[in-house]
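In case you want the letters, here they are:
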Amino acid sequence: MEKLKTYMEKDAAKQLIRFITCGSIDDGKSTLIGRLLHECRAVYDDQMAAVIRDSRTAGTTGDEPDLALIVDGLLAEREQGITIDVAHRYFSTAKRKFIILDTPGHEQYTRNMATGASNADLAVILIDSLKGISPQTVRHSYIVKLMGIKNAVVCVNKMDAQGYSQAVFDKIAADYAYLAAKIGLSYDIIPVSALKGDNITSKSLNTDWYSGQSLIDILESAEPAPSSEHGLLRLPVQYVLRPDNSFRGFCGRLESGTLSTGDRITVLPSGLSTNVKSLSLGDKPLDRASAPMSVTFTTTEEIDISRGDMAVTDKTSVLFGNSFRANLIWMDTEPLKLNKKYILKGSFGSVGAGIDKIYGRTDISTLESTDAVQLEMNDIADAGIVLDASKPFDTYDKCRITGSFILIDRMTSMTAAAGMITASRSPENVMWHSHSVDRERRIMLKGHRPAIIWLTGLSGSGKSTIANALDQRLNSLGVHTYLLDGDNIRHGLCKDLGFSAAHRDENIRRVGETAKLFADAGMIAIAAFISPFCAGRDSIRGGMPEGEFIEVFVDAPIEVCEERDPKNMYKKARRGEIKDFTGINSPYEAPQSPEIHIRTDKMSVGEAVDTILSHLRLKNII
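Residues numbered from 1 in each chain as written. Predicted model: local features only at pLDDT ≥ 70, side-chain atom pairs only at ≥ 80, totals over all residues. Heavy atoms only, no water.

Chemist: Which residues make up helix α10 (residues 463-476), and what values do they have?
Modeler: Since the α-helix packs 3.6 residues into each turn, any two residues three or four apart lie on the same face. A rise of 1.5 Å per residue sets the reference length of α10, with its 14 residues, at 20 Å; its end C-alpha atoms lie 20 Å apart and thus fit the reference within 8%. If you follow the buried residues of α10, they end up packed against β25 (451-456), β26 (481-485), β27 (524-528), β28 (549-555), β29 (596-599) and α16 (605-618). The positive-phi residue at the C-terminal boundary of α10 is G478, with phi of around 80 degrees. (Helix = DSSP H or I, 4+ residues; strand = E, 2+ residues; numbered from the N terminus. Expected span 1.5 Å × (residues − 1). Contact = heavy atoms within 4.5 Å.)

And the structure:
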């Protein structure tokens, strides 16, 4: 019994290292982990017997046990021979305890890899010696660096298939050295064969030209990530515990630093300060707690503390504001759209947020920053985030938890992106200044209410014709208007934009912002644009006071639109001469609940204008 107790105490004292394995599809990640677990005696006899049995039907190694099956637990993984889920495996050696996060190599599952990397101390990056460095190798190495992992072990796998050639290894090592220098990643590189076991848990005679350590030797000696216990206090409140009227405690996990009874803390965002009266871990009282312990604390003064607040000891050490820059990894199949509203979830809880600027998208082939107005799945970018309310946060390199967040799509509830905060934008924020002559005074001078009348519909539906006639009628009534027309705008404000989906979104965003300025001046802005996507129109509506955005669906069958086409655009699109033409080879999302629906195949221009004017009078705009 004493021996068991001694063993348990010794095992508990071992340092824990979390490491991620990543690389391209079929690089051999699962086989390497299976080999590592098998040789470190972390696979039970019955598990090994099951692997031997399953190798006959799902294996890829002939008569030999397929050690990848130890890790590839999902049926879909075994059928396809790929890793899909993030698999967690545990093992220990005489020196350390390890948690392995086996992440997918397929580009489709890059988001799973990023999730795994966010919890890792070290990365093991595999390269297939038969293929060399691939785009996924570059992407994964870059994400490893973004996620704050300081060290990596690069395993050049399948050296047995290359006859253990030193020349092959040296070529890949030189290529990776160039990549790592551009990224700024520190690493060790090893020639291995996960299938045969070379250089996994011991040095191999097949690579007698290699003078470095085996994989397990490097893992056992690698420097772990710095302990969060030594940082400044960061304690996000996750729950207010109130079992009865006699007790009110605040629960949360220390993400950084220490907390003791008697400490003076400040609670953000309120900025109120108090002292810690008591600390407990479950029902056990504590005098002191350190990261990453989950505790309950009470305070000497009754101040308002809620879920999502953060307790700190030095409020000057934490950033506070409603805007910051962040590295984004876009995870959604739905592209990012500037100024679209998302839910941002961080250590401070959930808050509405939008991306107002993309400073640059990383081109994985060159690692250079390129201009972008939209992000697709797996894109990585430096972006500007604006929150609906000011919150406390840190940069990611200072504290991972309080410096990271996810974006959630409001409509689908899908995780759209993972983000790592790089800087506050408060020093460079453009502040909104209130002027002495405000909106209401300008409206009084005009004698009518402002509005944006947004005419949307297919090309040839009659938007521009109706908009022009409406502008004339309103002008004759003494109403101050300005007409924004699609073709005219592209001569100046949007002359730099093309007709791709991303450029169309940016075109509508710019026009919307211009129309809002006219409305702020007390005028009625009339905009006639195809504006095919609901999100773009809804974004403009969201920036206007209730009732001042009037969506007019100018509706006509596509056959009628084609008959009216003076430029023969539809014919050219059908012949394939014009790409991304709305209604032919690009979709049009019709408004679901427009304020006004006009059928121009059944209504004259005059009747359409009268319908709009009637609505304006009904809403007391004119």
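Chemist: I'd like a rundown of the pairing of strand β4 (residues 122-128), residues and numbers included.
Modeler: Of all seven residues that make up β4, seven are buried, and the element is covered over most of its length. Here β4 shows a buried face lined by L122, V124, L126 and D128 and a second buried face lined by A123, I125 and I127. Where strand β1 (residues 15-23) meets β4, five bridges bridge the pair, whose relative direction is parallel. When the sheet's bridge partners are listed, T21 is paired in β4 with V124. Across six bridges, β4 lies against strand β5 (residues 151-157) in parallel orientation. Considered in β5, the bridge of A123 is made with A152. Chirality of the crossover, the property in question, places the unit of β4, helix α6 (residues 135-146) and β5 among those that are right-handed. (Buried < 20%, exposed > 50% of the residue type's maximum accessible area, 1.4 Å probe, protein only. Pairing = 2+ DSSP bridges. Right-handed = clockwise from strand over helix to strand, strands pointing away.)

Chemist: Lay out the sheet that holds β25 in plain terms, naming residues and giving numbers.
Modeler: Reading across from one edge, β26-β27-β25-β28-β29 is the order of the five strands in this open sheet, with parallel pairing throughout. In this open sheet, the two strands that pair with only one neighbour each are β26 and β29. Neighbouring strand axes in the sheet, compared pairwise and without regard to direction, differ in orientation by 15 degrees on average. Of the strands in this sheet, β25, β26, β27, β28 and β29 are in contact with α10, which crosses β27 at around 160 degrees. (Axes fitted to C-alpha atoms, helices over the stretch in contact; angles between N-to-C directions.)

Chemist: Describe in detail the environment of V373, supporting the description with residues and values.
Modeler: By the secondary structure assignment, V373 is in the loop between β20 (368-370) and β21 (374-375). With a relative accessible area of 24%, V373 lands in the partly exposed category. The spacing of V373 and Y359 is 14 residues in sequence and 9.2 Å in space, taken between C-alpha atoms.

Chemist: Outline the environment of G498, supporting the account with residue identities and numerical values.
Modeler: Here G498 lies in the loop between α11 (486-489) and α12 (501-520). Excluding anything up to four places from it in sequence, G498 contacts R490 and H503.

Chemist: Any chance you could break down the UniProt feature "binding site: ATP" (unreviewed entry) in the chain for me, citing the residues and the numbers?
Modeler: In the numbering used here, UniProt assigns the feature "binding site: ATP" (unreviewed entry) to G457, L458, S459, G460, S461, G462, K463 and S464. Mapped onto the fold, S461 is located in the loop between β25 and α10. Those residues in contact with S461 that lie beyond four places of it in its chain are V554, A556, C561, R564 and T600. A polar contact of 3.4 Å, which involves the side chain of S461, links it to the backbone oxygen of V554. (UniProt positions renumbered as here; feature names shortened; annotations may be inferred. Polar contact = N/O pair within 3.5 Å; in protein donor to acceptor, adjacent residues only side chain to side chain.)

Chemist: Tell me about empty space enclosed by the protein, residues and numbers included.
Modeler: Using the criterion set out here, one finds one cavity of 30 Å³ or more in the structure. Computed from the structure, the largest cavity encloses a volume of approximately 50 Å³. If you go around the largest cavity, the residues you meet are R504, D505, I508, S531, P532, F533, G536 and R537. Take the lining of the largest cavity: its biggest share by element is three residues, from α12. Each residue belonging to the lining of the largest cavity can be placed in one class, and the counts come to three nonpolar, two polar and three charged. (1 Å grid on protein atoms, 1.4 Å probe; cavity = no way out; pocket = protein on both sides within 12 Å on 5 of 7 lines; lining within 4 Å. Points joined across faces, edges and corners; volume = space filled by probe spheres on them. Nonpolar A, V, L, I, M, F, W, Y, C, P; charged D, E, K, R; others polar.)

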